[in-house]
Amino acid sequence: EYIFGDDRPFLSCHASTLVELDNGDTLAAWFGGTAEKKPDTAIWYARRKDGNWSFPQVLADEEGIAHWNPVLFKAPDGRIILYYKVGENDSLWHTKYMVSRDNGIRWSEPKELVPGDIGGRGPVKNKPIVLHNGVWLAPASNEIGDWNAFTDISADDGYTWEKSPFVPINRQKFRGKGVIQPTLWESEPGKVHMLLRSTCGRICRSDSTDGGRTWGEVYETSLPNNNSGIDAVKLDDETVALVYNPVSEDWGPRTPLVVSLSRDNGATWPVTCILEDEEGEYSYPSIVAKGNEISITYTWKRERIAYVRCTIEDILSCERHS
């Protein structure tokens, strides 16, 4: 379903994020305005309650400067945290955050996540994860010059952050600027994995054995990537679900959009279900899981934000397999 229709209060929208709340509501956010990078963009949000979406409202806005890439995160203590970027472009942006303690009804005033940050700290597009020991990992990246990924680490429930080293890349062999916008999961205590948007035509991967503090060298997977955003989530049964555009071309078309399942920690992805395959842009997905259910939002032609809620069984029985 669509979160809003043609009566939207902005011309363009992109980069959605969502959380499923314990009371059954869903919150979704995105940036909207005249177009990406324009100074009139703001962070908008809506709530799904009893099967209906509220009309979009502005959640964060500063006059005269672009807003980017909101990330909603449900903390273990019940806080809902919104992270987002502010800046003229992706080389100069910085990260701000807001907190709600009542399921997104009221929000704190925005604060800088890391004072003085330029280039972006904390989650750049996808949600943080909470490790087995309670440590938070935020999937981060930097686009100043070459593209590089890292994790931001918080051992105090998101109040302070420590940046990991950049994920190693063999620049002599790698095609293009590099990798950005990781998505994370933990398979065993301390063993963390990231999949990455890249310029090499493939989704790339790196692995950590020390809780995301250091990372192995980036390597290509078998999964195509069009240099557009991806997102993954691990379910309770260890299944990993990944949403992406299966296109092996740098800056390639952002269609189709599919969800794939892995039962072997991301080594293979034997089940793929098509979400969109018409002409147009279907991109920048966000995915979360609760039990055996997954929820997804994504950009629909830069005109709407689409929302999908289904079970793993729905995907397994999907008639539109690739």
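Residues numbered from 1 in each chain as written. Predicted model: local features only at pLDDT ≥ 70, side-chain atom pairs only at ≥ 80, totals over all residues. Heavy atoms only, no water.

Q: How should the sheet that holds strand β18 (residues 231-234) be read in this particular structure?
A: The strands that make up a sheet are held in pairs by hydrogen bonds between backbone atoms, and each pair lies either parallel or antiparallel. Sheet architecture is open: four strands sit in the order β18-β19-β20-β21, paired in antiparallel fashion. The outermost strands of the open sheet, each flanked by one partner alone, are β18 and β21 (271-276). On average, each strand axis in the sheet is tilted by 15° relative to the strand beside it, whichever way the strands run. Pairing of strand β20 (residues 257-262) with β21, which is carried by five bridges, proceeds in the antiparallel orientation. Residue pairing in the sheet places V259 in a bridge with C273 of β21. (Pairing = 2+ DSSP bridges. Helix = DSSP H or I, 4+ residues; strand = E, 2+ residues; numbered from the N terminus. Axes fitted to C-alpha atoms, helices over the stretch in contact; angles between N-to-C directions.)

Q: Whenever I open this one, the environment of S208 confuses me. Can you help?
A: Structurally, S208 can be placed in strand β16 (residues 202-208). Judged by its relative accessible area of 1%, S208 is buried. Put simply, S208 and N265 are 57 residues apart on the chain and 13 Å apart in space, counted from C-alpha to C-alpha. (Buried < 20%, exposed > 50% of the residue type's maximum accessible area, 1.4 Å probe, protein only.)

Q: Explain unusual backbone geometry here, please?
A: Peptide bonds are trans in most cases, and residues, glycine excluded, mostly fall at negative phi. Residue P256 is bonded to the preceding T255 through a cis peptide linkage, with omega at 0°. By the element assignment, P256 lies in the loop between β19 (240-244) and β20. For N227, which is not glycine, the phi dihedral falls at a positive 60°. Checked against the element boundaries, N227 lands in the loop between β17 (219-224) and β18. For N227, a relative accessible area of 0% translates into the label buried.

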